[in-house]
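Per-entry structural report
What follows is the residue order along each chain.
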Amino acid sequence: MNETTRICQKCGAPVPSESPQGLCPKCVLAAAAGAPPPSGGSGAPEPPPLDQVAAAFPNLEILELIGAGGMGAVFKARQSSLDRLVALKVLPESLAADPAFAERFSREARTLARLNHPNIVAVHDFGHSGRFYFLTMEYVDGVNLREAMAAGRFTPQQALGLVPRICEALQFAHDEGILHRDIKPENILLDVKGRVKIADFGIAKLIGPRKDITLTASG
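The structure displayed is predicted, hence computed values, not measured ones. (Residues numbered from 1 in each chain as written. Predicted model: local features only at pLDDT ≥ 70, side-chain atom pairs only at ≥ 80, totals over all residues. Heavy atoms only, no water.)

**A word on the confidence of the model for the chain**
Averaged over the chain, the pLDDT score is 78; the fraction of residues at 70 or greater is 74%. Model confidence for the chain, summarised as mean pLDDT per element, is weakest for helix α1 (residues 25-33) at 55 and strongest for strand β5 (residues 84-90) at 95. Low pLDDT (under 50) marks residues 32-42, which in the prediction has eight contacts with non-local residues, meaning those over four places away or in another chain. Scored below 50 in pLDDT, residues 210-219 makes 18 contacts in the model with residues more than four places away or belonging to other chains. (pLDDT = per-residue confidence, 0-100. Helix = DSSP H or I, 4+ residues; strand = E, 2+ residues; numbered from the N terminus. Contact = heavy atoms within 4.5 Å.)

What follows is the structure, encoded as structure tokens:
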């Protein structure tokens, strides 16, 4: 440990140099784990059962459901071939009935997979398996901003420390022709090393009901 390493005043753990405004990831995660889950709307479709997902993805060990909403469900999974954890995003099953969706999904998911930025959750793979369209993404071990806010761990100064990295990630995606369209605390992740990651880039656009919502639309 060098002289410039910061130490958390509460728990005594070292704070990573990239952690925004000295925010201690260990304390944020511990507090968020004990915070009550935020209330949400009931309009989101029910996530598919784990056994159905496991049957559709025999190359993955489906571990648990880690999130669900209008854009689909996210499962924590282990990719045994590469010995790594991944996040499996399963899109709503209703999309499989749309014959125009398959072409749009392939084109736009390929573009999303090319995004390479330290503050954007990476897309590893995408496709169609069983009844599901899916994206396999980088697994972020941490909490989302909503959970961290509920834990009451943020001062205004610390919150402002997140803004430049979020803006840089958004600008990078905009330069690549991709709009997020669903920025909210649930889609901003904080990992155990204090890094900020934006999730679900382009997912709202990807599954938008309008057929003219594409990354390559004229005009």
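**Some thoughts on the pattern of salt bridges**
Note that side chains of opposite charge can pair when their charged atoms are close. Scanning all chains against the criterion turns up eight salt bridges. Glu-93 is the salt-bridge partner of Arg-131, the closest N and O atoms lying 2.7 Å from each other. Linking Arg-131 in the loop between β6 (123-129) and β7 (132-138) with Glu-93 in the loop between β5 and α3 (101-113), this pair joins segments that are 38 residues apart in sequence. Of the charged contacts in the structure, one is a salt bridge between Arg-195 and Asp-191, with a shortest N-O distance of 2.7 Å. Judged by relative accessible area, which is 7%, Asp-191 ranks as buried. When salt bridges that share partners are traced, they join Glu-61, Arg-78 and Asp-83 into one network. (Salt bridge = Lys/Arg side-chain N within 4 Å of Asp/Glu carboxyl O. Buried < 20%, exposed > 50% of the residue type's maximum accessible area, 1.4 Å probe, protein only.)

**With respect to the sheet that holds strand β8 (residues 142-144)**
Spatially, three strands are ordered β8-β9-β10 in an open sheet, and the strand pairing comes out antiparallel. Of all the strands in the sheet, the pair left with one neighbour each is β8 and β10 (196-198). Each adjacent strand pair in this sheet contributes to an overall mean axis angle of 30°, direction not counted. Here strand β9 (residues 188-191) runs beside β10; their pairing, made up of three bridges, is antiparallel. Considered in β10, the bridge of Leu-190 is made with Val-196. (Pairing = 2+ DSSP bridges. Axes fitted to C-alpha atoms, helices over the stretch in contact; angles between N-to-C directions.)

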